[in-house]
Amino acid sequence: MVKKTVEIQDITTVVSVTDPQISPDGKSAVFVHTTIDEQENAYNANLYHIGLETRQHRQWTFDKSQISSPQWSADGTAVAYLVEEDGHKQLFVLSLADGQINKMTNLESGIERFQWSPCGKKIWVNGVLDKEQTANLLYQQIGFLTIESKKVEPVLAGDCHYRLEAVSHDGGKLVYAVVKEKNMILYLVNLFVYIILKHKNKKCLQKTKVILVV
């Protein structure tokens, strides 16, 4: 059997499947499905869903854009993901109940990473959230976004670069990295735990002490 030689135009038919995320109930997954638009000379990355038992898949988004980093909410009722717009990533949330997609952020510099809060009502976000609260526009901040209001409130900001690493399963702690060096070498970092207190009569999160763990 003669093997077909791969030609340059064959590249446009390549489909990439990346970033699979299994749903909390373990019955399905979402993933990023990327194709090449030959006419636009661009990549199109959309969100797909697959049933793990039926192996049937469906396309959930249809925009000519680049989607990345899908994450399920803890209760499995929504999926959050990033979409690149004008060179910056913005946060979107897709509701499984009605299929509605909501744009959650419209930040000038976008966001770099995020983590759902276990309550499903907030999402922790990482990026330049408020320029007035940073000493350097290269320094990113950590804050939370309230789903209902779409309001972003910075929590960790100042004269250093904060990088969100993880949120505890009970939502009571954040793990984050701090970079203070001017050269921004991200592998020379200290890891900290940020403890979140919830007051009975208040819905907002309050700052408390920071504990060095590494």
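The shown structure was predicted, so the numbers you read here are calculated from the model rather than taken from an experiment.

Asker: It is not clear to me how the sheet that holds strand 9 (residues 111–116) should be interpreted in this structure. Could you clarify?
Answerer: The pairing of strands in a sheet happens through backbone hydrogen bonds and is either parallel or antiparallel. Overall, antiparallel pairing links the four strands, which are arranged 9-10-11-12 in an open sheet. Of all strands in the sheet, those bounded by a partner on one side alone are strand 9 and strand 12 (152–156). Averaged over all pairs of adjacent strands, the angle between their axes in this sheet comes to 30 degrees, without regard to strand direction. Of the pairings in the sheet, the one linking strand 10 (residues 122–127) to strand 11 (residues 141–146) comprises six bridges and is antiparallel in character. Its bridge partner being in strand 11, K122 is matched across the sheet by T146.

Asker: When you look at the sheet that holds strand 2 (residues 28–37) in this model, what are you seeing that I'm missing?
Answerer: Spatially, 1-2-3-4 is the arrangement adopted by the four strands of the open sheet, whose pairing is antiparallel. This sheet does not close on itself; its edge strands, each paired only once, are strand 1 (16–22) and strand 4 (57–59). This sheet shows a mean twist of 30 degrees between the axes of neighbouring strands, independent of strand direction. Summarising the sheet, strand 3 (residues 42–51) and strand 4 pair through three bridges and their orientation is antiparallel. Of the residues in strand 4, the one forming a bridge with Y48 is Q59.

Asker: Before we go on, may I ask you to explain the pairing of strand 6 (residues 78–85) in this structure?
Answerer: Each regular strand shows side chains that alternate between the opposite faces of the sheet. Among the eight residues of strand 6, six are classified as buried, and the element is accordingly described as predominantly covered. In the sheet, strand 5 (residues 67–72) pairs with strand 6 via four bridges, with the strands oriented antiparallel. From the neighbouring strand, Q71 faces strand 6, where its bridge partner is A80. The antiparallel hairpin formed by strand 5 and strand 6 contains five residues in its connecting segment, where G76 sits at a positive phi of about 75 degrees. With eight bridges connecting them, strand 6 and strand 7 (residues 88–95) associate as antiparallel partners. Its bridge partner lying in strand 7, A80 is registered against V93. Hairpin remark: strand 6 followed by strand 7, antiparallel, with two residues in the connecting loop; positive phi at D86, about 55 degrees.

Asker: Before we go on, may I ask you to explain the environment of Y43 in this structure?
Answerer: Position of Y43 among the secondary structure elements: in strand 3. For the pair Y43 and T12, spaced 31 residues apart in the sequence, the C-alpha separation amounts to 9.6 Å.

Asker: Would you explain unusual backbone geometry in this entry?
Answerer: The general pattern is negative phi for most residues beyond glycine and trans for most peptide bonds. The phi torsion at D19 lies on the positive side, around 55 degrees, for a residue other than glycine. In this structure, D19 sits in strand 1. A positive phi angle is found at R55, which is not glycine, with a value near 65 degrees. Following the sequence through the fold, R55 ends up in the loop between strand 3 and strand 4.

Asker: Looking at this structure, I do not really get the packing of aromatic side chains. What am I missing?
Answerer: In this description, an aromatic ring pair is defined by two values, namely the gap between the centres and the angle between the planes. Scanning all chains against the criterion turns up five aromatic pairs. On the numbers, 6.1 Å between centres and 10 degrees between planes, the contact of Y81 with F92 is stacked. Here F92 lies in strand 7 and Y81 lies in strand 6, a separation of 11 residues in the sequence. Take F92: its relative accessible area is 11%, and that puts it in the buried class. Judged by centre distance (5.6 Å) and plane angle (70 degrees), the ring pair of W124 and F144 falls under edge-to-face. Placement of W124 in strand 10 and of F144 in strand 11 is noted, with a sequence separation of 20 residues between them.

Asker: Quick question: what am I supposed to make of empty space enclosed by the protein here?
Answerer: In this approach the atoms are scanned with a rolling probe the size of a water molecule, which exposes any empty space left behind. This structure, assessed with the given rule, holds one cavity of 30 Å³ or more. Considering only enclosed or pocket space, the largest cavity measures out at about 40 Å³ in volume. N46, T61, D63, S65, I67, Y81, V83, F92 and I101 are the residues that line the largest cavity. Among the residues forming the lining of the largest cavity, the class breakdown is five nonpolar, three polar and one charged.

How each quantity is defined
- Residues numbered from 1 in each chain as written.
- Predicted model: local features only at pLDDT ≥ 70, side-chain atom pairs only at ≥ 80, totals over all residues.
- Heavy atoms only, no water.
- Pairing = 2+ DSSP bridges.
- Helix = DSSP H or I, 4+ residues; strand = E, 2+ residues; numbered from the N terminus.
- Axes fitted to C-alpha atoms, helices over the stretch in contact; angles between N-to-C directions.
- Buried < 20%, exposed > 50% of the residue type's maximum accessible area, 1.4 Å probe, protein only.
- Phe/Tyr/Trp six-rings, centres within 6.5 Å; stacked < 30°, edge-to-face > 60°.
- 1 Å grid on protein atoms, 1.4 Å probe; cavity = no way out; pocket = protein on both sides within 12 Å on 5 of 7 lines; lining within 4 Å.
- Points joined across faces, edges and corners; volume = space filled by probe spheres on them.
- Nonpolar A, V, L, I, M, F, W, Y, C, P; charged D, E, K, R; others polar.

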